[in-house]
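The chain contents come next:
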Amino acid sequence: EAGVTQSPTHLIKTRGQQVTLRCSPISGHTSVYWYQQALGLGLQFLLWYDEGEERNRGNFPPRFSGRQFPNYSSELNVNALELEDSALYLCASSPPARGSEKLFFGSGTQLSVL
Amino acid sequence: SQQGEEDPQALSIQEGENATMNCSYKTSINNLQWYRQNSGRGLVHLILIRSNEREKHSGRLRVTLDTSKKSSSLLITASRAADTASYFCARAPNAGGTSYGKLTFGQGTILTVHP
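Rules and cut-offs
- Residues numbered from 1 in each chain as written.
- Chains lettered and ligands numbered in written order.
- Predicted model: local features only at pLDDT ≥ 70, side-chain atom pairs only at ≥ 80, totals over all residues.
- Heavy atoms only, no water.
- Helix = DSSP H or I, 4+ residues; strand = E, 2+ residues; numbered from the N terminus.
- Buried < 20%, exposed > 50% of the residue type's maximum accessible area, 1.4 Å probe, protein only.
- Pairing = 2+ DSSP bridges.
- Axes fitted to C-alpha atoms, helices over the stretch in contact; angles between N-to-C directions.
- Contact = heavy atoms within 4.5 Å.
- Buried area = accessible area lost by both parts, 1.4 Å probe.
- Salt bridge = Lys/Arg side-chain N within 4 Å of Asp/Glu carboxyl O.
- Polar contact = N/O pair within 3.5 Å; in protein donor to acceptor, adjacent residues only side chain to side chain.

K.L.:
So what exactly am I meant to see when it comes to unusual backbone geometry here?
P.N.:
In most cases, non-glycine residues show a negative phi, while peptide bonds are predominantly trans. Of the consecutive residues A:Ser7 and A:Pro8, the connecting peptide bond is found in the cis state with omega at -10°. Residue placement: A:Pro8 occurs in the loop between β1 (5-7) and β2 (10-13). Note that the residue after B:Asp7, namely B:Pro8, is joined by a cis bond; omega there is 0°. With respect to the helices, strands and loops of the structure, B:Pro8 is situated in the loop between β1 (5-7) and β2 (10-14). For A:Glu51, which is not a glycine, the phi torsion comes out positive at approximately 50°. Relative to the assigned elements, A:Glu51 resides in the loop between β5 (43-50) and β6 (53-57). Of note, the phi angle at B:Lys70 is positive, near 50°, even though the residue is not glycine. Note that B:Lys70 resides in the loop between β7 (61-66) and β8 (71-76).

If you want it as structure tokens, here you go:
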């Protein structure tokens, strides 16, 4: 069974640009979570999608947004990139109605903003 | 300050020794989870302990939870070089509140096991 897959694995952008990161959850999982891990820091919660709806959001500005598609895959969009957006972006999934249970993580997308 | 703080920040031991990592938190929890991260890649779930549990085992892992002290510990026994990684605790809030679905991670403990 395939795990959580994220694309791309690495990305280099310049300040002010926009970026889209993609995530495919484990088959049967309906919840997708996005986390940001800046260098040397712990994971910061970004977004939680379940059944196509945004269920919760972390303390990030509105230029961080996303969506979940009918097949439960998800996109994270970041507009007007800033240097401090450089981080590892991790996607995770979980089975239905398991908002605070075990998460299954992808390998992440390393975003560098120059 | 962040919820789910771990200590120590870094731990260096020899193969065969035990490694103990601690996690403290500030608000009530539904459960507390431990994850492992190799080389800045994805996290792997190790163990989950619920708020009404005091101790849980999984292979060489032992997790304890003291809700009165709002703390948890992860013990890895007979460590191996392959256990070298960062270890994170994650606090899961109770259902229904505004924090539902948000796992709050600490900054992690970097464990190095020397062969």
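K.L.:
What exactly am I supposed to notice about the pairing of strand β9 (residues 85-92) of chain B here?
P.N.:
On a regular strand, each side chain points to the face opposite its neighbour's, so the side chains alternate between the two faces of the sheet. Residues and elements named next belong to chain B. Most of β9 is tucked away, with eight of its eight residues classed as buried. Judged by which residues are buried, β9 turns out to be covered on both faces: Ala85, Tyr87, Cys89 and Arg91 on one side and Ser86, Phe88, Ala90 and Ala92 on the other are all buried. In this sheet, β9 lies alongside strand β4 (residues 31-37) in antiparallel orientation, the contact comprising seven bridges. Bridge pairing in β9 links glutamine 37 to serine 86. In terms of strand pairing, β9 meets strand β11 (residues 109-114) through three bridges, oriented antiparallel.

K.L.:
For this particular structure, what's the right way to read the sheet that holds β7(B)?
P.N.:
Note: strands within a sheet are paired through backbone hydrogen bonds, in either parallel or antiparallel orientation. Residue and element names in this part refer to chain B. Spatially, β1-β3-β8-β7-β6 is the arrangement adopted by the five strands of the open sheet, whose pairing is antiparallel. Of all the strands in the sheet, the pair left with one neighbour each is β1 and β6 (55-58). Sheet twist, expressed as the average angle between the axes of neighbouring strands with direction ignored, equals 20°. In this sheet, β8 lies alongside β7 in antiparallel orientation, the contact comprising six bridges.

K.L.:
Help me understand the interface of chain B and chain A in this model?
P.N.:
When the parts of a complex come together, some accessible area is lost, and that lost area is often taken as the interface size. Each partner contributes residues to the interface: chain B has 25 residues there, and chain A has 27 residues. Taking both partners together, chain B and chain A bury about 1900 Å²; carbon and sulfur atoms supply 47% of that area. Together, B:Arg41, B:Tyr100 and B:Lys102 form the three largest contributors to the area buried by chain B at its contact with chain A, with a combined 28%. Applying the counting criterion to the chain B and chain A interface returns one salt bridge. At the boundary of chain B and chain A, one finds seven residue pairs in polar contact (both at pLDDT 80 or more).

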